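Listed below, chain by chain, are the residues.
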Amino acid sequence: MGANVEIERKFRVLPERLPPLSGLQAKRLSQFYLGEGFDPALRVRIVDETQAWLTIKGWSTGLAAPEFEYEIPLADAREMAQVLRASVVVEKTRYLLPQGSLVWELDVFAGANAGLVMAEIELDKEDQVVDLPDWCGAEVSTDPRFKNINLALNPYRDWRDQA
């Protein structure tokens, strides 16, 4: 199958600037990481309690990162969480918001990362021009604190400055 190269930009969304979410397609995501390493990151994601995916993400260079993703049986994902004692979990609801030819993903975090709202946009190339909606706040694409693996290890609730 080969690696997919994921090119994405990430932005903070302040709760007061959050666009209306009712009526948008949404998915409930719960994900945990295997091992302690960051390169590659091994993630298991459960989507809406109906599907599961194993993702291997390589180290980012700029906005791009290699990514291998495989659907796995839901029962296997649940067993991995239990047997491998996945105690660091990232929980969020992802809303899909079409804007022109692109689709924004708005992630409203729950659990240890409650209060954090992020917007992501996947691009075809790193220098692709994107019209930013007015609800996009500061860009955090290269800020390692906002990588999901880091949010699992150092959740938003523990940040002193709530950057």
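Whatever comes next refers back to the structure up there.
In short, a report on the structure. Model, not experiment: these values are computed from the prediction. Sequence order sets the numbering: in each chain, residues are counted from 1 along the sequence as written. For a predicted model such as this one, the threshold for reporting local features is a pLDDT of at least 70, and the threshold for listing and counting side-chain atom pairs is 80 or more; totals across whole chains, interfaces and linings nevertheless cover every residue. Side-chain measures were taken over the full set of non-hydrogen atoms in the model, leaving aside hydrogen atoms and water.

### A look at the layout of surface pockets
Logical step 1: Taken as a whole, the largest pocket holds about 890 Å³ of empty space.
Logical step 2: Residues are said to line a cavity or pocket when one of their atoms sits within 4 Å of a point; the points come from a 1 Å grid over protein atoms alone, cavities being sets where a 1.4 Å probe fits but cannot get out and pockets being open sets with protein on both sides within 12 Å along at least five of seven lines. Glu6, Glu8, Arg43, Lys57 and Glu67 are the residues nearest the centre of the largest pocket, which is lined by 40 residues in total.
Logical step 3: Under the DSSP-based scheme used, a helix requires at least four consecutive residues in state H or I and a strand at least two consecutive residues in state E, with every element numbered from the N terminus. Elements with a contribution of two residues or more to the lining of the largest pocket: strand 1 (4–12), strand 2 (25–34), strand 3 (41–47), strand 4 (51–57), strand 5 (64–72), strand 6 (89–99), strand 8 (117–122) and helix 2 (148–153).
Logical step 4: Three categories are distinguished: nonpolar for Ala, Val, Leu, Ile, Met, Phe, Trp, Tyr, Cys and Pro, charged for Asp, Glu, Lys and Arg, and polar for the others, with Gly belonging to the last. Class assignment for the residues of the lining of the largest pocket results in 15 nonpolar, nine polar and 16 charged. Grid points are joined across faces, edges and corners, and a volume is the space filled by probe spheres set on the points.

### Looking at the sheet that holds strand 2
Logical step 1: The strand order 1-5-4-3-2-6-7-8 describes a closed barrel built from eight strands, whose pairing is antiparallel. On average, each strand axis in the sheet is inclined to that of its neighbour by 35°, with strand direction left out of account.
Logical step 2: In the sheet, strand 1 pairs with strand 5 via four bridges, with the strands oriented antiparallel. In the sheet register, Ile7 faces strand 5, and the bridge partner there is Ala64.
Logical step 3: Helix 1 (residues 74–83) contacts strand 2, strand 3, strand 4 and strand 5 of the sheet and is inclined by roughly 120° relative to strand 3. Between any two strands, pairing holds if DSSP finds at least two bridges. Axis definition: a line fitted to C-alpha atoms, limited for helices to the stretch in contact. Angles are taken between N-to-C directions and run from 0 to 180 degrees. Whether two residues are in contact is decided by their heavy atoms, any of which lying within 4.5 Å being enough.

### A few points about the packing of aromatic side chains
Logical step 1: Two aromatic rings from Phe, Tyr or Trp, using only the six-membered ring of Trp, form a pair when their centres are within 6.5 Å; if the ring planes differ by under 30 degrees the pair is stacked, by over 60 it is edge-to-face, and anything between is tilted. Applying the stated criterion across every chain yields a total of four aromatic pairs.
Logical step 2: Seen from their ring centres, Tyr156 and Trp159 are 5.2 Å apart, and the 65° between their planes marks the pair as edge-to-face.
Logical step 3: Each member of the aromatic cluster is reached from another via a ring pair, and the members are Phe11, Trp104 and Trp135.
Logical step 4: Put simply, a charge is over a ring when the Lys NZ or the Arg CZ is close to the ring centre, within 6 Å, and near the line of the ring normal, within 35 degrees. We note Arg145 situated over the ring of Trp159; from NZ or CZ to the ring centre the distance is 5.1 Å.

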